[in-house]
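Architecture at a glance
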Amino acid sequence: MNKIVKIGGSINCPNLKELVLSDNLIKDIHPFMFSKLPKLKSLDLSINQISVIENIHQLKSLQVLNLRQNSVAIIENLS
């Protein structure tokens, strides 16, 4: 386990294809975190404390999204 609690701002990695942030203490994800990840295909946010996901529609190449073992109550801006 890492101890990441919050992800702020955006990640500028235009060629990143996989991002694993599982098994942390993440509660908040900045609304524009996904805006500069155009090639991201797999996002693993499992085993965190996330309740709200916003702007997931920005991930145009996303094929796999793992939110297992979170408390997601709201997914905003899907389209």
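As shown above, the structure is provided for reference.
This write-up is about the structure you can find in this document. (Residues numbered from 1 in each chain as written. Predicted model: local features only at pLDDT ≥ 70, side-chain atom pairs only at ≥ 80, totals over all residues. Heavy atoms only, no water.)

Let us now look at the overall build of the protein chain. Looking only at helices and strands, the protein chain features zero helices and seven strands. Going from N to C terminus, the protein chain has its helices and strands arranged as β-β-β-β-β-β-β. The C-alpha radius of gyration of the protein chain comes to 11 Å, within 12% of the 12 Å expected for a compact globule of 79 residues. Among the 79 residues that make up the protein chain, the fraction classed as buried is 29%. Looking at the protein chain alone, contacts between residues at least 24 apart form 26% of all its contacts between residues at least 6 apart. (Helix = DSSP H or I, 4+ residues; strand = E, 2+ residues; numbered from the N terminus. Rg over C-alpha atoms; globule rule 2.2 N^0.38 Å. Buried < 20%, exposed > 50% of the residue type's maximum accessible area, 1.4 Å probe, protein only. Contact = heavy atoms within 4.5 Å.)

Phi is positive for D23, close to 60 degrees, though the residue is something other than glycine. Tracing the backbone through its elements, the reader meets D23 in the loop between β2 (18-20) and β3 (28-29). You can call D23 partly exposed: its relative accessible area is 30%. A positive phi is found at I47, a non-glycine position, where the angle reads about 55 degrees. Taking the relative accessible area as the measure of exposure, I47 reaches 28% and is therefore partly exposed.

This part is about the sheet that holds β2. Read from one edge to the other, the open sheet built from three strands follows the order β2-β4-β6, with strand pairing classed as parallel. The open sheet has two free edges, formed respectively by β2 and β6 (64-66), since each of these has just one partner strand. Going across the sheet, the axis of each strand differs from the next one's by a mean of 0 degrees, ignoring polarity. Pairing between strand β4 (residues 42-44) and β6: three bridges, direction parallel. If you follow L43 over to β6, its bridge partner there is L65. (Pairing = 2+ DSSP bridges. Axes fitted to C-alpha atoms, helices over the stretch in contact; angles between N-to-C directions.)

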